[in-house]
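Listed here are the chains, written in short residue letters.
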Amino acid sequence: MPEPAAAPPNPPISLASLLADPELGLRRIAGPDDEDAIAIHMVHTSEMADPYPYLLGGELLMSAGVLLKDPDRYVSRIVEAGAAALGFGVAPVYDTVPPDLIEACDRHGLPLVEVPPQTTFTAVARAVWRLMAEARHRELRRVTQAQQGLAAAAARPDPVPAVLHQLAARLGGWAVLLGPDGTQLHAAGRTPAPEAVAGITRLARVVNPPQPADTTASAGTSRTAPSSATDTVTSPSPGASGGEGSSAAAEPAAGETRPGRGASGAGAASEAATAAPGAGAAAARDTSGPRPGRTGTASGAEATTGSGTRAAGGAAGAPSATRASSGVPVGAAGPGGPSDTHLSAYALGGSQGLVLGLAAPAREAGDHTVAGVAVVLLSLLTAPHQGAAATDRSTALVRLLLGASPAEAAGLLGPGPWTVVRARGGRGTPFAASALGAALGSSLVDPDADGDVRILLRAGREVTPRPGWTLGVSAPAGPDELAAADTQAARAVRRAIATRAALVRHRETTLAGLPSPDEALQRLAPLGDSPALVETLRTWLSLHGSWDRTAAALEVHRNTVRQRIARCAALLDDDLDDPDVRMELWFALRHS
């Protein structure tokens, strides 16, 4: 069965809000002075000489320096792990914060907070959780108000413009509905600067990339477009030099390593949407693989695409409904100089190829949820009427009953070939099968009493994992081969359940399907920059996936083997628990 969905994480808090608590008496003594921009996601206490393996990113690391021997290396490892700040407790080991530690934090750009003797680490952690709970409460209240306003707008006689106006008012910015070719269909809110308009157009191509002419041939090789993407552009002040887009910069997401704070991260969690082509890979480290929480957002994963743009499977945000209007266009420079404009783009559901674009001067916790409500409403409001499609389905059924061939009946449903999807799950919710079909872009859904669902898709449509469902996908097939495709999908979903994978695709397992030398090099290309990963994968496969024997053979720790194999799986975008995948990689390694 699929793993239950995790509870939404609390929003991060700023270091400034923690330092403002007079009962704690905390004081920043080194590192960047922009305390409002430093986001704390959790508190972790460690007295290890090297805490790197135990950090996820975004922590306020608490330590009394019990094993502090080399401050420079200690700080560099904390920065490399992506921690937000270091809290150093004065007493019982040190009477004052060591000067060498202060210099190291200044040198590496790590905020250093002095914790007085009367303040316990537990008190600091309790204050962080309290501030997070308060922020979460404010976020939920604002999201609830926004949902009510958007729902009321959707009930108006002109629902699409009304929803856009309501969304723009909640964001204090600009909302636009773009067609498949980037044409502005409806817009609401303050007029953005040209840099913002160009940025949203670019993001729209990320979430809704142009389809190749031969969709059948490319269906198995193209990467899935993300459902959302974000970026930040800076509009220059009057008289400033610099062309359009010259100051565009990616905004660090919740949990993402900040610029200048160590290795950049572009990995994604297991449920993340795949980044658009051109996504940058995370900087490889010799002792670690993907690090959870390094680049994930509060509601999904995201990956850096070209030119600082970030694509996500549900990431983004926008500002609150209470933001005051300044009278300056979004993205335009105000009296104080250049200003940042935060951009977001969301692909609407269905087959229309529509995109919702947002431009706002800030991002706040909960804005992605507000935008998600608008995306759902706009997807429903812009969906084409199904009258003609229902007539075609009825005609096809009648012809089948009267003896027509499957090829003749399938022609009424649209051009082939077709893909069969088998699904299990739904958690027993009403209309779950229909909702899954709509999410995948098909109304050809066949649910049965046992909870299994069969869906018929045009082969050009990409199938992605869906929360609460386990999916098996067949190879593209013509009308006369649909029965065999259904068998393939049934086998794939059984294998997905056995391997606890969210989605498994049918693979040809004959010897004729083994990779050629050129195909082997292409198959292993994502690992080409890291000989350590290639050698670890080769040894691990040769020893039948044994962590201990692989660690002994490579003379490394077994956790290092696990991290490297996880990194290989992320770079190859494959399930290494699948025996077919292991076989393909083994023969590819033999050819390479």
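Everything numeric here is computed off the predicted structure, so don't read it as measured data.

Rules of the game
- Residues numbered from 1 in each chain as written.
- Predicted model: local features only at pLDDT ≥ 70, side-chain atom pairs only at ≥ 80, totals over all residues.
- Heavy atoms only, no water.
- Helix = DSSP H or I, 4+ residues; strand = E, 2+ residues; numbered from the N terminus.
- Buried < 20%, exposed > 50% of the residue type's maximum accessible area, 1.4 Å probe, protein only.
- Contact = heavy atoms within 4.5 Å.
- Expected span 1.5 Å × (residues − 1).
- Polar contact = N/O pair within 3.5 Å; in protein donor to acceptor, adjacent residues only side chain to side chain.
- Salt bridge = Lys/Arg side-chain N within 4 Å of Asp/Glu carboxyl O.
- Phe/Tyr/Trp six-rings, centres within 6.5 Å; stacked < 30°, edge-to-face > 60°.
- Lys NZ or Arg CZ within 6 Å of the ring centre and 35° of its normal.
- Pairing = 2+ DSSP bridges.
- Axes fitted to C-alpha atoms, helices over the stretch in contact; angles between N-to-C directions.
- Patch = residues over 30% accessible without salt bridge, like charges linked within 9 Å, V, L, I, M, F, W, Y side chains within 5 Å.
- Areas by Shrake-Rupley, 256 points an atom, 1.4 Å probe, with all protein chains shown as cover.
- pLDDT = per-residue confidence, 0-100.
- Parallel < 35°, antiparallel > 145°, perpendicular 65-115°, else oblique.
- Left-handed = near helix turned anticlockwise from the far one by under 90°.
- Core = buried A, V, L, I, M, F, W, Y, C linked by side-chain atoms within 4.5 Å.

Caption draft 1: The arrangement of the overall build of the protein chain in detail. Along the protein chain, the regular secondary structure elements total 17 helices and 19 strands. Taken across its 592 residues, the protein chain has 45% of its residues classed as buried. Within the protein chain, contacts between residues separated by at least 24 positions form 69% of all contacts whose residues are at least 6 apart in sequence.

Caption draft 2: Quick look at the environment of Leu-589. Within the secondary structure, Leu-589 sits in helix H17 (residues 579–591). The class of Leu-589 is buried, set by a relative accessible area of 1%. The sequence separation of Leu-589 and Leu-541 amounts to 48 residues, and the corresponding C-alpha distance is 9.8 Å. Residues contacting Leu-589, with those up to four places away along its chain left out, are Leu-524, Val-534, Leu-537, Arg-538 and Leu-541.

Caption draft 3: Summary view of helix H8 (residues 367–382). Here H8 is 16 residues long and its end C-alpha atoms lie 22 Å apart, about the 22 Å a rise of 1.5 Å per residue gives. Among the residues making up H8, those that are buried are Asp-367, His-368, Val-370, Ala-371, Val-373, Ala-374, Val-375, Leu-377, Leu-378, Ser-379 and Thr-382. Against the buried residues of H8 lie helix H4 (121–154), helix H5 (159–171), strand S8 (174–178), strand S13 (339–347) and strand S14 (355–360).

Caption draft 4: Highlighting the side chain of Thr-232. By the element assignment, Thr-232 lies in strand S10 (residues 228–235). Among the polar contacts made by the side chain of Thr-232, one reaches the side chain of His-342 at a distance of 3.3 Å.

Caption draft 5: Broad picture of the pattern of salt bridges. Taken as a whole and assessed by the stated rule, the structure comprises 18 salt bridges. With a shortest N-O distance of 2.9 Å, Arg-27 and Glu-114 are connected by a salt bridge. Of this pair, Arg-27 sits in strand S2 (residues 27–30) while Glu-114 sits in strand S7 (residues 112–115), and the two are 87 residues apart along the sequence. Of the residues examined, Arg-27 reaches a relative accessible area of 46% and is grouped as partly exposed. Take Glu-114: its relative accessible area is 18%, and that puts it in the buried class. Between Asp-231 and Arg-202 there is a salt bridge, with its nearest N and O atoms 2.5 Å apart. You can see Asp-231 sitting in strand S10 and its partner Arg-202 sitting in helix H6 (residues 194–207), a full 29 residues away along the chain. The class for Asp-231 is buried, based on a relative accessible area of 1%. Connected via shared salt-bridge partners are Arg-422, Asp-446, Arg-454 and Asp-486.

Caption draft 6: Main features of the packing of aromatic side chains. On inspection of all chains with the given rule, the structure shows two aromatic pairs. Positioned above the aromatic ring of Tyr-52 is the side chain of Arg-77, whose terminal nitrogen or guanidinium carbon lies 4.1 Å from the ring centre.

Caption draft 7: The pairing of S7, seen in detail. Because side chains alternate across S7, one face comprises the buried residues Leu-112 and Glu-114, and the other comprises Val-113 and Val-115, equally buried. Two elements, S2 and S7, share three bridges in a ladder whose sense is antiparallel. When the bridges of S7 are listed, Ala-30 appears paired with Leu-112. Summarising the sheet, strand S6 (residues 85–89) and S7 pair through four bridges and their orientation is parallel. By the bridge assignment for S7, Gly-87 is matched with Val-113.

Caption draft 8: The arrangement of the sheet that holds strand S18 (residues 469–473) in detail. Taken in spatial order, the five strands of this open sheet run S16-S17-S15-S18-S19, and their pairing is mixed. The strands lining the two open edges of the sheet, one partner per strand, are strand S16 (445–447) and strand S19 (503–505). Between one strand and the next, the sheet's axes are offset by a mean angle of 15°, whatever the strand orientation. The pairing of strand S15 (residues 418–425) with strand S17 (residues 452–458) spans seven bridges and is classified as antiparallel. Its bridge partner being in S17, Val-421 is matched across the sheet by Ile-455. Seen against the sheet, helix H12 (residues 482–499) touches S15, S17, S18 and S19 and runs at an angle of roughly 35° to S15.

Caption draft 9: Examining a nonpolar patch on the surface more closely. Taken together, the side chains of Leu-397, Val-398, Leu-401 and Leu-402 define a hydrophobic patch exposed on the protein surface, amounting to about 460 Å² of accessible area. Along the chain, the position of Val-398 falls in helix H9 (residues 387–401).

Caption draft 10: Quick peek at the pairing of strand S9 (residues 184–189). Direction of pairing for S8 relative to S9: antiparallel, over a ladder of five bridges. From the neighbouring strand, Trp-174 faces S9, where its bridge partner is Gly-189. Linking S8 back to S9 in an antiparallel pair, the connection comprises five residues, with Gly-182 at a positive phi of about 90°.

Caption draft 11: How the structure looks around the confidence of the model for the protein chain. With 72% of its residues at a pLDDT of 70 or more, the protein chain has an overall mean of 75. Segment residues 215–222: pLDDT under 50, and six contacts once partners within four positions in sequence are set aside and those in other chains are kept. Taken as a whole, residues 238–337 scores under 50 in pLDDT and shows 249 contacts with residues more than four places along the chain or in a different chain.

Caption draft 12: Molecular detail of the side chain of Gln-488. Within the secondary structure, Gln-488 is located in helix H12. Sequence-distant contacts of Gln-488, that is, excluding residues within four places in its chain, are made with Ser-474, Ala-475 and His-506.

Caption draft 13: Focus on the packing of helix H14 (residues 531–542) against H17. Direction vectors running N to C along H14 and H17 enclose 120°, while the axes themselves pass 10 Å from each other. Judged on the interaxial angle alone, H17 and H14 are oblique. Both H14 and H17 take part in a crossing whose hand is left-handed. Listed contacts from H17 to Val-534, Leu-537, Arg-538, Trp-540, Leu-541 and Ser-542 of H14 are Arg-582, Leu-585, Trp-586 and Leu-589.

Caption draft 14: Spatial organisation of the packing of H5 against H8. In the contact formed by H5 and H8, the axes pass within 10 Å of each other and the chain directions differ by 170°. Overall, the two elements H5 and H8 adopt an arrangement that is roughly antiparallel. Every residue of H8 that contacts H5 at Pro-159, Val-160, Val-163, Leu-164 and Leu-167 is listed here: Val-370, Ala-374, Leu-378, Leu-381 and Thr-382.

Caption draft 15: Summary view of the sheet that holds strand S4 (residues 42–45). Pairing is mixed across the open sheet formed by five strands, whose spatial order is S2-S7-S6-S5-S4. The open sheet is flanked by S2 and S4, the only strands paired with a single partner. Pairs of neighbouring strands in the sheet enclose a mean axial angle of 30°, with direction left out of account. Sheet contacts for helix H3 (residues 99–108): S2, S6 and S7; angle to S2, the most-contacted strand, approximately 80°.

Caption draft 16: Quick look at the nonpolar core. Judged by nonpolar contacts, the single largest core of 28 residues is most densely connected at Leu-150, Leu-164, Leu-167, Leu-356 and Leu-358. At the level of elements, H4, H5, S8, S14 and H8 are the ones that each hand at least two residues to this core. Within the second largest apolar cluster, 21 residues are counted, among which are Leu-15, Val-124, Val-128 and Met-132.

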